[in-house]
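# Understanding the architecture of this molecule
Here are the chains, one letter per residue:
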Amino acid sequence: QVQLVESGGGSVQAGGSLRLSCAASGDTIGSYCMGWFRQAPGMERERVATINYWRTTNYADSVKGRFTISRDNAKNTLYLQMNGLKPEDTAMYYCAAQGRNWCSDVFDYWGRGTQVTVSS
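Described below are features of the structure shown in this document. Computed from a predicted structure; not experimentally measured.

Calculation rules
- Residues numbered from 1 in each chain as written.
- Predicted model: local features only at pLDDT ≥ 70, side-chain atom pairs only at ≥ 80, totals over all residues.
- Heavy atoms only, no water.
- Helix = DSSP H or I, 4+ residues; strand = E, 2+ residues; numbered from the N terminus.
- Rg over C-alpha atoms; globule rule 2.2 N^0.38 Å.
- Contact = heavy atoms within 4.5 Å.
- Areas by Shrake-Rupley, 256 points an atom, 1.4 Å probe, with all protein chains shown as cover.
- Disulfide = S-S within 2.5 Å.
- Buried < 20%, exposed > 50% of the residue type's maximum accessible area, 1.4 Å probe, protein only.
- Salt bridge = Lys/Arg side-chain N within 4 Å of Asp/Glu carboxyl O.

This paragraph deals with the overall build of the protein chain. On a plain count of helices and strands, the protein chain comes out with 0 helices and 11 strands. The C-alpha atoms of the protein chain give 13 Å as radius of gyration, which agrees with the globular expectation for 120 residues (14 Å, within 12%). Considering only C-alpha atoms, the protein chain reaches an extent of 40 × 25 × 25 Å along its principal axes. For the protein chain, the proportion of contacts with a sequence separation of at least 24, taken over those separated by at least 6, is 57%. Carbon and sulfur atoms make up 46% of the accessible area of the protein chain, which totals about 6300 Å².

Applying the stated rule across the entire model yields 2 disulfides. The disulfide partner of Cys22 is Cys95, and the S-S distance across this bridge is 2.0 Å. Residues Cys22 and Cys95 share a disulfide whose torsion about the S-S bond is about -75°; that sign makes it left-handed. One end of the pair, Cys22, is in strand E3 (residues 18-25); the other, Cys95, is in strand E9 (residues 91-98), with 73 residues separating them in the sequence. Each member of the pair, Cys22 as well as Cys95, is classed as buried. Across the disulfide, Cys33 is cross-linked to Cys103 (sulfur-sulfur distance 2.0 Å). Linking Cys33 and Cys103, the disulfide has an S-S dihedral of approximately 105° and is accordingly described as right-handed. A residue pair is termed long-range when its members are at least 10 positions apart, and Cys33 in strand E4 (residues 33-39) and Cys103 in the loop between E9 and strand E10 (109-110) qualify at 70 residues.

So, about the pattern of salt bridges. This structure, assessed with the given rule, holds 5 salt bridges. Among the salt bridges present, the one from Arg38 reaches Glu46, with a minimum N-O distance of 2.8 Å. Here Arg38 falls in the buried class, since its relative accessible area comes to 6%. Overall, the relative accessible area of 27% leaves Glu46 in the partly exposed class. Measuring nitrogen to oxygen at the nearest pair gives 3.8 Å for the salt bridge that ties Arg47 to Asp105. In this pair, Arg47 is assigned in strand E5 (residues 46-51) and Asp105 in the loop between E9 and E10, connecting sequence segments 58 residues apart. Overall, Asp105 belongs to the exposed group, its relative accessible area being 69%. Each member of the salt-bridge network shares a partner with another, and the members are Arg38, Glu46, Arg66 and Asp89.

Our next topic: the environment of Glu46. Along the polypeptide, Glu46 turns up in strand E5. Sequence separation of Glu46 and Ala91 is 45 residues, and the distance between their C-alpha atoms is 9.9 Å. Once residues within four sequence positions are removed from consideration, Glu46 is found in contact with Trp36, Phe37, Arg38, Ala60 and Ser62.

The backbone phi angle of Arg55 is positive, close to 65°, even though this residue is not glycine. Inspection of the secondary structure assignment puts Arg55 in the loop between E5 and strand E6 (57-59). For Arg55, a relative accessible area of 44% corresponds to the partly exposed category. The phi dihedral of Asn76 falls on the positive side, at around 55°, and the residue is not glycine. Relative to the assigned elements, Asn76 resides in the loop between strand E7 (67-72) and strand E8 (77-82).

These figures come from the coordinates and say nothing about function on their own.
The following block contains the structure:
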């Protein structure tokens, strides 16, 4: 079983950047599909980005071109680089993992989240 811990959230002005990190322990994530999700109060949880074993990536339309998901398997860490942040990006961001090479709709493991707040 893998444990996931997010970090790197904070408060920034619109147009700013943040890099979120997700440190995994308990298992190696090199062969896992990994993803970032976010949820704002009163809103449904949104899949932000995923990356599979072959490093194929998928992004929500709302973040495509601004966010980049990546992984460093040697460090057992997942990243989300967020550029050109907008107030609507304000949310709790969660790291998630699937115990398989490819990405499906079901994620097995979740972190506790890190808050991102973007002001105007």
